[in-house]
Amino acid sequence: MADNVTSLFRSTAAHSPSMAALAREGGDGTGPVDFCIPCNPYFPTPAMMDTMAARLKDIITYYPSSADTITAELCNLLQLPPQAVAMGNGSTELITWIDHLLVRESLAIPVPTFGRWTDQPMETGKRVDMFPLQESSGFALDLAQYAEFIRTRGTRVAVICNPNNPDGGFLHKHALVQFMDAMADLDLIVIDESFLEFADAEQEPSVVQEAMIRPNVIVLRSLGKNFGLHGIRFGYMVANPSLAGRVRSMLPKWNLNAFAEYVVFMLKEHGAEYAQSLHQVRRDRLDMASQLSALPGLTVYPSQGNFLFVRLPVGAEGTVVRDRMLTEHRILVRECGNKIGSSSRFLRLVVRPQVDVRRLVSGLEQVLYGTRRGAVVPELAQGTGYSSGTAAVDRLVGQTNGAGMQDLAAMAVGGGGMSAGVGMPMPVAQPMAVAAPAPMAPAASMGSMGSMGSMGAGMPMPAQMPAPAPMPAPAPAPVPAQMPTPPPAPAPFAPPSGPTPVGVPARGGLTAAQVRGMTAPAPGAPQELSQAPATGWPNAQSWPNAAGMGQTG
């Protein structure tokens, strides 16, 4: 049975098999304890679940209302103008249409991040310029360097996830507004706030109000993650009416299902419970980080999401840890080896109640250290390494994105033979030197973790490691054969003028056909970004910051 379960990782195109697939292979019809899928474990409440269960027959028997009706109810709840909102069947549906309608030739995104922001544009022949977040700086995003990278590459669309997935890095609202001001000439700026409801570093962190009055900004928000209902598939975007209407016009009339409708209409009665659930997740995040940071050699990065990004001890391999945690302890973790800009030494662990965290920590102790804490297991060879589409892109981009190496951009350009079109960065002018992170005491340092995350430069928090036992001298490695001298780097090319047609390599980039073996879609999709007036909606000062339901609780 264990072999059947771990084989699911080799047979899926996603990063992990679905919970339904794991439950089918588990033998008893129940899935493992889920530290992989980042959703709210405290919402909906048991009483809300009972109410939905009692209405199950009606919910699945009849058609839902139109998306316009459901959107109007959500906007009434969040005090947003319906003409500035488009609801989708999950945020991935909205990402798909944003790419098809509004991304002409190129998109910039810091990595590691949510995989659809790298994969979706590549699948439609766009160039994706990937800005590597450095492990040595705690995966913090420097907006000044990112802006310089965008200018150097000539990218037309910029994406920022705040908080970022998988590391939970956070950027203050004022810094994002300054970035939007500096990039006002871009075709589009997308701020993905899918996990922002779990942040507590700032009172009003959302830039939704800014998006509604700017001609080139979209804010993307999730409902499944913060409402704990991934299976329902619903999310929304906020922009000026021209942008929102353009996306909304392409969505099917019934793209939202009856479960989504039922949940949206019951939310107005449960604002207090929702606010309490967010508060509990934030408290659990601190407790979970404290417990994990006590494990020798495990590094925990400060996070403002409902998950923690951790680096495994030296010698531990992520796929082995993932498989053993699942088969030996029935715990599912997210191994991040197939995330561009990450490696198999990293796990993303979802924040869960303390009873589950104790089980997680116990399992990690046994898998990492055997029968005694502190002796890290050697790297094993029988892990279920798997390759997904994202991993294939990762190999094309290069092997060093997740190594946290300084001057990676200069290496990419100066090394020669590496295609500039796969999204490797060009060197930025005068990069800022970043000091190495200082180790912190595991328990005492966690109290200030929230404030550290709020600074947008979350530094890792490694645990104090015991003195390692003497290791035998390794056998001498074989001397590799002399490699042929690489050809000289090509001369810089002159950027062509005008937009690049859909499916054609943009400025020397790769098309989706070259990356995935797929055929790019036929030309014909709209390629120009229309501008809309920035005024015209009544009572603008009453709109919330769209930190969401917290306004009602």
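Please refer to the structure placed before this passage.
Residues numbered from 1 in each chain as written. Predicted model: local features only at pLDDT ≥ 70, side-chain atom pairs only at ≥ 80, totals over all residues. Heavy atoms only, no water.

Undergrad: Where do I start with the sheet that holds strand β6 (residues 188-192) in this structure?
TA: Note on sheets: strands pair through backbone hydrogen bonds, and any given pair is parallel or antiparallel. The 7 strands lie next to each other as β2-β8-β7-β6-β5-β3-β4, forming an open sheet whose pairing is mixed. Every other strand in the sheet has two partners, leaving β2 (85-88) and β4 (127-132) as the edge strands with one partner each. The sheet shows a mean angle of 20 degrees between the axes of neighbouring strands, direction not considered. Here strand β7 (residues 217-222) pairs with strand β8 (residues 235-238) via 4 bridges, running antiparallel. Bridging across to β8, R221 finds its partner in Y236. (Pairing = 2+ DSSP bridges. Helix = DSSP H or I, 4+ residues; strand = E, 2+ residues; numbered from the N terminus. Axes fitted to C-alpha atoms, helices over the stretch in contact; angles between N-to-C directions.)

Undergrad: How should I be thinking about the pairing of β4 in this particular structure?
TA: A regular strand places its side chains on the two faces of the sheet in alternate fashion. Taken across its 6 residues, β4 has 6 buried, putting it largely inside the fold. Burial along β4 is two-sided: the face carrying R127, D129 and F131 and the face carrying V128, M130 and P132 are both buried. Relative to β4, strand β3 (residues 106-111) is paired through 6 bridges, and the arrangement is parallel. Across the sheet, V111 pairs through a bridge with P132, a residue of β4. In the classification by handedness, the crossover that spans β3, the intervening helix α7 (residues 116-123) and the parallel β4 is right-handed. (Buried < 20%, exposed > 50% of the residue type's maximum accessible area, 1.4 Å probe, protein only. Right-handed = clockwise from strand over helix to strand, strands pointing away.)

Undergrad: Just checking my understanding: could you explain the environment of N216 for this structure?
TA: Inspection of the secondary structure puts N216 in the loop between α10 (208-212) and β7. The buried category is assigned to N216, whose relative accessible area is 5%. For the pair N216 and S242, spaced 26 residues apart in sequence, the C-alpha separation works out to 9.8 Å.

Undergrad: Would you mind showing me how to read the packing of helix α6 (residues 91-102) against helix α11 (residues 241-248) here?
TA: Between two packed helices, both the angle of their axes relative to each other and the distance between the axes serve to describe the pair. Two elements in contact, α6 and α11, have axes whose closest approach is 10 Å; the angle formed by their N-to-C orientations is 105 degrees. When the axis of α6 is compared with that of α11, the two are roughly perpendicular. Facing L94, W97, L101 and L102 of α6, the residues of α11 in contact are L243, R246 and V247. Tallied by class, the residues present in the contact of α6 with α11 amount to 6 nonpolar, no polar and 1 charged. (Parallel < 35°, antiparallel > 145°, perpendicular 65-115°, else oblique. Contact = heavy atoms within 4.5 Å. Nonpolar A, V, L, I, M, F, W, Y, C, P; charged D, E, K, R; others polar.)

Undergrad: Quick question: what am I supposed to make of the packing of aromatic side chains here?
TA: Two measures describe an aromatic ring pair: the distance that separates the ring centres and the angle between the ring planes. If you walk through the whole model with that rule in mind, you get 15 aromatic pairs. Measuring from ring centre to ring centre gives 5.3 Å for F43 and Y274, while their planes differ by 65 degrees; the resulting arrangement is edge-to-face. Residue F43 is found in the loop between β1 (33-35) and α3 (46-54), and its partner Y274 is found in helix α13 (residues 271-293); the two are separated by 231 residues along the sequence. Judged by its relative accessible area of 1%, Y274 falls in the buried class. With a centroid separation of 5.0 Å and 85 degrees between ring planes, the pair formed by F195 and F307 is classed as edge-to-face. (Phe/Tyr/Trp six-rings, centres within 6.5 Å; stacked < 30°, edge-to-face > 60°.)

Undergrad: I keep staring at the environment of E210 and nothing clicks. Help me out?
TA: Looking at the element boundaries, E210 is found in helix α10. With near-sequence residues (within four places) excluded, E210 lies in contact with V177 and M180. Of note is the side chain of E210, whose polar atom sits 3.1 Å from the side chain of R214. (Polar contact = N/O pair within 3.5 Å; in protein donor to acceptor, adjacent residues only side chain to side chain.)

Undergrad: Sorry if this is basic, but what is going on with the pairing of β8 here?
TA: Residue alternation in β8 divides its side chains into two sets, G235 and M237 and Y236 and V238, and both sets are buried. Examined bridge by bridge, β2 and β8 share 4 bridges and lie antiparallel to one another. Within β8, the residue paired with A86 across the bridge is M237.

Undergrad: What is the right way to look at α13 in this model?
TA: Each α-helix turn comprises 3.6 residues. Residues three or four places apart therefore point the same way. Taking 1.5 Å of rise per residue, the 23 residues of α13 would be expected to cover 33 Å, and the 34 Å separating its terminal C-alpha atoms lies within 8% of that figure. Among the residues making up α13, those that are buried are G271, Y274, S277, L278, Q280, V281, D284, R285, M288, A289, L292 and S293. (Expected span 1.5 Å × (residues − 1).)

Undergrad: Is there a simple way to explain the pattern of salt bridges in this structure?
TA: If charged atoms from side chains of opposite charge come close, those side chains can pair. For the structure shown, the criterion picks out 19 salt bridges. Measuring nitrogen to oxygen at the nearest pair gives 3.0 Å for the salt bridge that ties R322 to D323. The same class applies to R322 and to D323, which are both buried. Residue R352 pairs with D356 through a salt bridge whose shortest N-O separation is 3.0 Å. (Salt bridge = Lys/Arg side-chain N within 4 Å of Asp/Glu carboxyl O.)

Undergrad: Would you mind showing me how to read the nonpolar core here?
TA: Soluble, globular proteins show a tendency: their nonpolar side chains are buried together. Formed by 93 residues in total, the largest nonpolar core has its most connected members in Y146, F179, L292 and L360. Ranked by the residues each element gives to this core, the list is headed by helix α15 (residues 354-369), at 7 residues. Those residues in contact with F179, other than ones at most four positions away along the chain, are L143, Y146, A147, I150, A158, I160 and I189. Membership of the second largest hydrophobic core comes to 28 residues, among which are M130, C161, V190 and L251. (Core = buried A, V, L, I, M, F, W, Y, C linked by side-chain atoms within 4.5 Å.)

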